[in-house]
Amino acid sequence: MSGHTPVLLKEVIHYLDPKPGDTILDATINGGGHAMEILKAIGDEGLLVGIEQDAEILERLKAKIEKLGIKNVILINGNFRNLDKLLAPACRQAGLNKIIEKGLDGAIFDLGMSSLQFEPPDGGIGRGFSFQKDEPLLMTLKSDIGPDDLTARDIVNEWSEEDIANVLFGYGEERHSRRIAKGIVKARAEKRIETTFDLVEAIRTSVPAAYRNSGKINCCTRTFQALRIAVNDELKAAEEGIEKAWNLLAKGGRLAVISFHSLEDRIVKIFFKRAAKEGEGEILTKKPVTPSDEEKKSNPRSRSAKLRAVVKL
């Protein structure tokens, strides 16, 4: 599984503190970067349960784990917002009912996108997450897309100008949201917006030149982020998933969450503060832990990562 670098790996292991024999949930197992280190810590007596929404990525990880001869892993395809419904049958099937009764010793959420989704291996066609490649404008984390599944293409071609502007401002904190929404509606009147480059063109022609040519942040970044969050209902999913993982933790169990933008981080911060206020948890990270300069340099995608951790009392 080359191409995917886990973010804040040492810090995650430090705050999650997995011990031999522990049962740990990796709610966003992806390429297995954090999972492989957790497995070293929990040993053969421990159990790792991994959830991944992207079936293609999960199949690759499954093949890797089988090749390495690792037995103490349960892999589940699904959205972590449903982890309560996913975990019980998977553990029952593996004859591990006691896991659900005993509770989890730890859970990790990495809410960021994987480099495997930006750059599909083996020359596969991406789903439109990157504005640097011309790909179908889908932006869904599901690899098996059904007719009822929402895509970014649906939003930009069918939603009203006001609704598009609200998504860009609400989920992307895009200050030129109204201009971009207007530009999208104008572009789609001439021809349907089908690919990432169609959308890039609509954005670039809508925003002021100073913003378009700014060296700080690409003028497409916030729009692409907002559409991806809307398509996958990411903020609500994060809220639900974190709460469910917390409910499944045993006393003394730890929850660690890596977020990549202020909206996600706010959700995590509020949840942890509430747990501490109600005497149910103790926050382990007074401030969010961020990557070292060295990590940012070697893995530029880590630059906006923030890790928070809490222990259940």
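Residues numbered from 1 in each chain as written. Predicted model: local features only at pLDDT ≥ 70, side-chain atom pairs only at ≥ 80, totals over all residues. Heavy atoms only, no water.

### Notes on the environment of Ile-164
(1) Moving on: Along the polypeptide, Ile-164 turns up in helix 8 (residues 161–172).
(2) Moving on: Considered as a pair, Ile-164 and Gly-31 are 133 residues apart in the sequence and their alpha carbons are 32 Å apart. (Helix = DSSP H or I, 4+ residues; strand = E, 2+ residues; numbered from the N terminus.)

### Digging into the nonpolar core
(1) Moving on: Of all hydrophobic cores here, the largest spans 32 residues; its most connected members are Leu-25, Phe-109 and Leu-255.
(2) Moving on: Sorting the residues of this core by element identifies strand 2 (47–52), strand 3 (73–77), helix 4 (83–93), strand 4 (104–110), helix 13 (234–248), strand 5 (249–259) and helix 14 (262–277) as the ones contributing at least two each.
(3) Moving on: Per-element accounting of this core gives the leading share, 6 residues, to helix 13.
(4) Moving on: In this structure, Phe-131, Ile-193, Val-200 and Cys-220 belong to the second largest nonpolar core, which totals 30 residues. (Core = buried A, V, L, I, M, F, W, Y, C linked by side-chain atoms within 4.5 Å. Buried < 20%, exposed > 50% of the residue type's maximum accessible area, 1.4 Å probe, protein only.)

### A word on the pairing of strand 3
(1) Moving on: Judged by how many residues are buried, strand 3 sits mostly within the fold: 4 of 5 residues are covered.
(2) Moving on: With 5 bridges connecting them, strand 2 and strand 3 associate as parallel partners. Of the residues in strand 3, the one forming a bridge with Val-49 is Ile-74.
(3) Moving on: Of the crossover connections in this fold, the one passing from strand 2 over helix 3 (residues 55–68) to the parallel strand 3 is right-handed. (Pairing = 2+ DSSP bridges. Right-handed = clockwise from strand over helix to strand, strands pointing away.)

### Focus: the sheet that holds strand 1 (residues 23–26)
(1) Moving on: Taken together, 7 strands build an open sheet; the order of strands is 3-2-1-4-5-7-6 and the sheet is mixed. In the strand order of this sheet, the two ends are held by strand 3 and strand 6 (281–283), each with one partner. Adjacent strand axes in the sheet meet at a mean angle of 15° when their direction is disregarded.
(2) Moving on: Note that strand 1 and strand 2 share 4 bridges and pair parallel. Note on strand 2: the bridge partner recorded for Thr-23 is Leu-47.
(3) Moving on: Lying over the sheet, helix 4 contacts strand 1, strand 2, strand 3 and strand 4, oriented at roughly 135° with respect to strand 3. (Axes fitted to C-alpha atoms, helices over the stretch in contact; angles between N-to-C directions. Contact = heavy atoms within 4.5 Å.)

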